[in-house]
Amino acid sequence: MSQANDRCRRVSYRTTPGRLFLTVAGGGLGALLILLPVAAVFHHALRDGWPAYLDHLAHASTVHAIQLSLSAAGTALLVNTVFGLSAAWLASKFEFRGRNLLVSVIELPLSLSPIIIGSAFLFVFGMQGLFGPWLAERGVKLVFNPTAIVIVTTIVTAPFVFKQVLPLMQAQGRSAEETAATLGASGGTMFFRVTLPGVKWALIYGMSLCFARALGEFGSVAVVSGSVRGRTNTMALQIELLFNDRSQTGAFAVASLLTWLAILTLGVKTWMERLESRDMETRE
């Protein structure tokens with residue numbers, strides 16, 4: 001029986017012309033659509049040399065854009081990690097009316113254009129919006145400032161942590177938590193000792209996706225920020241401003257920094273997947 005399985009395994013892994021063609025075609029398409037544009041970004045960013053490249057990144061407006069992007073992405077990551085874990089725990093461990101609606105609402109930003117999200121935020125909290133005049137009378141302004149950028153970035157990236165951890169929490173079921181409860185464990189102990197360890201890799205993966213997506217957010221931020229240079233321009237908006245100023249090298253320098261951050265995120269994701277595989281092999 002084992003010999004037959006070995007023969008089947010050898011046959012299944014045998015390279016066929018069709019499989020070879022698909023591999024070469026997929027690799028070529030990936031190189032054309034992904035690697036070539038990434039190489040072009042770094043080529044244009046460094047075409048004037050490293051001193052010019054570093055000068056572009058050290059410009060005051062670019063430094064502010066980097067700081068604002070990291071601040072908005074970090075805040076969105078923190079909020080969405082707490083929110084995603086809490087919402088996934090609620091949706092997976094309890095049965096209640098409106099559960100499917102809750103899941104759909106949380107995942108809605110994945111199917112909506114970010115520009116629509118930004119426009120909706122503007123129509124609600126802008127000076128001509130539903131609550132804008134009321135907020136203005138009380139000295140609260142939620143548009144065309146960094147606060148608006150943080151809020152819409154958080155909304156756009158809200159589903160990422162939730163969507164990654166929800167399936168694993170559903171697969172866990174409630175038996176382990178119920179057993180822990182019968183042994184006298186508190187709610188916090190059950191969550192941190194039973195629930196969270198089972199979803200830790202999905203959580204880290206979702207957090208990396210959330211952070212990367214927040215750094216590169218453009219559509220919703222462009223609507224609510226006003227793109228004021230040195231005040232409300234993120235890295236994505238700074239690229240557009242530099243292109244409009246015909247400073248292509250500067251625009252590509254900022255784009256290369258976003259690319260580096262994306263590559264770093266991909267590296268973290270790959271590393272976590274390897275750690276997860278080793279963890280699963282150890283348990284087996």
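Residues numbered from 1 in each chain as written. Predicted model: local features only at pLDDT ≥ 70, side-chain atom pairs only at ≥ 80, totals over all residues. Heavy atoms only, no water.

1. Digging into empty space enclosed by the protein
Any empty space left between atoms is shown by rolling a water-sized probe over those atoms. Cut-off, in case you're wondering: Detection works on a 1 Å grid of protein atoms alone, calling trapped sets that fit a 1.4 Å probe cavities and calling open sets with protein on both sides within 12 Å along at least five of seven lines pockets, with lining residues defined by an atom within 4 Å of a point. Grid points are joined across faces, edges and corners, and a volume is the space filled by probe spheres set on the points. The helix and strand labels rest on DSSP assignments: H or I over at least four residues marks a helix, E over at least two residues marks a strand, and numbering proceeds from the N terminus. Each residue gets one of three labels, nonpolar for Ala, Val, Leu, Ile, Met, Phe, Trp, Tyr, Cys and Pro, charged for Asp, Glu, Lys and Arg, and polar for the others, Gly among them.
In the structure shown here, the tally under the stated rule is one cavity of 30 Å³ or more. Each pocket or cavity is described by its volume, and for the largest cavity that value is around 40 Å³. Along its surface, the largest cavity is lined by Ser69, Ala72, Ile149, Thr153, Ala214, Leu215, Glu217, Val221 and Thr234. Taken together, the elements giving at least two residues each to the lining of the largest cavity come down to α4 (60–93), α8 (146–156) and α12 (200–215). For the lining of the largest cavity, the class distribution of residues is five nonpolar, three polar and one charged.

2. Description of the nonpolar core
Basically, it comes down to this: Buried Ala, Val, Leu, Ile, Met, Phe, Trp, Tyr and Cys residues form a nonpolar core when they are joined through side-chain atoms within 4.5 Å. Whether a residue is buried, partly exposed or exposed follows from its accessible area with a 1.4 Å probe, protein chains only, as a fraction of its type maximum: under 20%, in between, or over 50%, in that order. We call two residues in contact whenever any of their non-hydrogen atoms come within 4.5 Å of each other.
Leu85, Ala88, Phe162, Val165, Leu166, Met169 and Leu203 are the most contacted members of the largest nonpolar core, which has 19 residues in total. Elements that contribute at least two residues to this core include exactly α4, α5 (99–111), α9 (159–172), α11 (187–198) and α12. Per-element accounting of this core gives the leading share, six residues, to α9. Beyond its immediate sequence surroundings of up to four residues, Met169 is in contact with Leu85, Ala88, Trp89, Ser92, Lys93, Phe191, Thr195 and Val199. By size, the runner-up hydrophobic cluster in this structure holds 18 residues, among which are Val41, Ala73, Ile239 and Leu242.

3. Regarding the packing of aromatic side chains
Applied cut-off: Only centres within 6.5 Å qualify two rings of Phe, Tyr or Trp (six-membered ring in Trp) as a pair; their planes then separate them into stacked at under 30 degrees, edge-to-face at over 60, and tilted for everything else.
Across all of its chains, the model carries six aromatic pairs by this definition. For the pair Phe42 and Trp260, a centre-to-centre distance of 5.1 Å together with 65° between the ring planes defines the contact as edge-to-face. With Phe42 in helix α2 (residues 17–45) and Trp260 in helix α15 (residues 248–283), this residue pair connects regions lying 218 residues apart in the sequence. Looking at Phe42, the relative accessible area reads 17%, which means it is buried. On the accessibility criterion, Trp260 (48% relative accessible area) is partly exposed. Feature note: the residues Phe121, Phe125 and Phe131 constitute an aromatic cluster, connected by ring pairs.

4. Describing the packing of α4 against α8
Each packed pair of helices is defined by two parameters, the angle between the axes and the distance between the axes. Operational definition: Here the axes come from fitting lines to C-alpha atoms, over the contacting stretch only for helices, and the angles between their N-to-C directions go from 0 to 180 degrees. Orientation labels follow simple angle bins: below 35 degrees gives roughly parallel, above 145 gives roughly antiparallel, 65 to 115 gives roughly perpendicular, and whatever is left gives oblique. In this scheme the crossing of two helices becomes right-handed for a clockwise turn of the near helix relative to the far one and left-handed for an anticlockwise turn of less than a right angle.
Direction vectors running N to C along α4 and α8 enclose 45°, while the axes themselves pass 9 Å from each other. Viewed along their axes, α4 and α8 adopt a mutual orientation that is oblique. The handedness of the crossing between α4 and α8 is right-handed. Contacts between α4 and α8 pair Leu68, Ala72, Thr75, Ala76, Val79 and Asn80 from the former with Pro146, Ile149, Val150, Thr153 and Thr154 from the latter. A breakdown of the residues in the contact of α4 with α8 according to their chemical character gives seven nonpolar, four polar and no charged.

5. What to know about the side chain of Ser225
Going by this rule: A 3.5 Å cut-off defines polar contacts: any pair of N or O atoms within that distance qualifies, except that in protein one atom must be a possible hydrogen donor and the other a possible acceptor, and neighbouring residues in sequence count only when both atoms are side-chain atoms.
By the secondary structure assignment, Ser225 is in helix α13 (residues 219–225). With a relative accessible area of 0%, Ser225 lands in the buried category. For Ser225, the side chain forms a polar contact with the main-chain oxygen of Val221, separated by 2.8 Å. A polar contact of 3.1 Å, which involves the side chain of Ser225, links it to the backbone nitrogen of Ser227. The residues touching Ser225, leaving out its near neighbours within four places in the chain, are Phe144, Asn145, Ile149, Thr232 and Leu237.

6. Details of the confidence of the model for the chain
Defined as follows: What pLDDT conveys is the predictor's confidence in a given residue, as a value from 0 to 100.
Of all residues in the chain, 89% have pLDDT values of 70 or greater, and the mean over the chain is 85. Looking at the elements of the chain, mean pLDDT is at its lowest for helix α1 (residues 2–12), recorded as 50, and at its highest for α8, recorded as 95.

7. Focus on α9
So the rule is basically this: Multiplying 1.5 Å by the residue count of a helix minus one yields the expected span of that helix. At every residue, the bend is computed as the angle between two fitted axes, covering the seven residues ending there and the seven beginning there respectively.
Over its 14 residues, α9 runs 20 Å from end to end, which matches the ideal 20 Å to within 8%, given 1.5 Å per residue. Helix geometry: α9 is bent most strongly at Leu166, by close to 30°, with proline Pro167 lying one to four residues after it. Taken residue by residue, α9 has Pro159, Phe160, Val161, Phe162, Val165, Leu166 and Met169 as its buried positions. Where α9 ends, the next residue or the one after it, Gly173, has phi of about 75°, a positive value.

8. Describing the layout of surface pockets
Roughly 150 Å³ of volume is contained in the largest pocket. For the largest pocket, the lining is made up of eleven residues, of which Trp89, Lys93, Phe94, Glu177 and Met190 are closest to its centre. For the lining of the largest pocket, the elements supplying multiple residues, two or more each, are α4, α10 (175–182) and α11. Tallying contributions element by element places α11 first for the lining of the largest pocket, with four residues. Here the residues of the lining of the largest pocket are counted per class, giving five nonpolar, two polar and four charged.

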